[in-house]
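# Descriptive structure summary
What follows is the residue order along each chain.
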Amino acid sequence: MTGLAIRRAEPGDAAVIGEIYDEAIAGGSATFATGPHTAEERRGWLAGRAATAPVFVGEDAGHVIAWSALAPFSHRAWYSGVAEYTVYVTRTARGRGVGRAHLEHLVIEGPAFGYWKLVGMIFPENAAGLALAAAVGFTTVGRLTAHGRVAGEWRDVMLLERHLEVPPHAP
């Protein structure tokens, strides 16, 4: 997408990050999270993130239309190079390559934060999220059944991965 600028999120982005997140939550196929996510809550969330858990926003014509993030996959030291990724795009900007630009950005930036692999956990019903991951080189490695609940209902997630370095056993 031309005109999209991706940069590190700042406290002033908190309200729109929360709005985009809550919009995705309302859709029902993007996250286990529940809202609302106020500006105050998101400012605290941004401030509390570790140095290895960056948040980015995408701007078009001066308006934030998406956000993405990396977060450590586990607190265990041996997984320190594995991050879970997150990408959210406001409804009006979907289908324009914004999500792809964000995910590609995370793939490029991941090693600078010490990551050798990114993983995603996506609801099986989220066809757009699964297609995006595949388009950016992620491989589906399994299905985690009854991984969490949304509105009291158990939901599965598809587990996807992309190595940012070629592992020694790769062909």
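Now for a quick tour of the structure. (Residues numbered from 1 in each chain as written. Predicted model: local features only at pLDDT ≥ 70, side-chain atom pairs only at ≥ 80, totals over all residues. Heavy atoms only, no water.)

Here the focus is the packing of helix α3 (residues 98-109) against helix α4 (residues 127-135). Packing of α3 against α4 brings their axes to within 10 Å, and their N-to-C directions diverge by 50°. One finds that α3 runs oblique with respect to α4. Where α3 crosses over α4, the two elements pack in a sense that is right-handed. Residue-level inspection shows Gly99, Arg100 and Leu103 of α3 in contact with α4, the latter providing Leu132, Ala133 and Ala135. Its residues placed into classes, the contact of α3 with α4 shows four nonpolar, one polar and one charged. (Axes fitted to C-alpha atoms, helices over the stretch in contact; angles between N-to-C directions. Helix = DSSP H or I, 4+ residues; strand = E, 2+ residues; numbered from the N terminus. Parallel < 35°, antiparallel > 145°, perpendicular 65-115°, else oblique. Left-handed = near helix turned anticlockwise from the far one by under 90°. Contact = heavy atoms within 4.5 Å. Nonpolar A, V, L, I, M, F, W, Y, C, P; charged D, E, K, R; others polar.)

Summed over the entire model, instances satisfying the criterion amount to ten salt bridges. The residue aspartate 13 makes a salt bridge to arginine 7 at a minimum N-O spacing of 2.8 Å. With a closest N to O distance of 2.8 Å, aspartate 156 and arginine 143 form a salt bridge. Placement of aspartate 156 in strand β7 (residues 153-163) and of arginine 143 in strand β6 (residues 139-150) is noted, with a sequence separation of 13 residues between them. A relative accessible area of 46% places arginine 143 in the partly exposed class. Connected through shared salt-bridge partners, Arg7, Asp13 and Glu59 make up one network. (Salt bridge = Lys/Arg side-chain N within 4 Å of Asp/Glu carboxyl O. Buried < 20%, exposed > 50% of the residue type's maximum accessible area, 1.4 Å probe, protein only.)

Strand order in the open sheet formed by seven strands is β1-β2-β3-β4-β5-β7-β6, and the pairing between neighbours is mixed. Two strands close off the open sheet at either side, each with one partner strand: β1 (4-8) and β6. Along the sheet, successive strands turn relative to each other by an average axial angle of 25°, direction set aside. Bridge analysis of strand β5 (residues 117-122) against β7 gives six bridges, and the strand direction is antiparallel. The residue bridging methionine 121 from the neighbouring strand is leucine 159, located in β7. Of the strands in this sheet, β1, β2 (55-60), β3 (63-72), β4 (82-89), β5 and β7 are in contact with α3, which crosses β4 at around 160°. (Pairing = 2+ DSSP bridges.)

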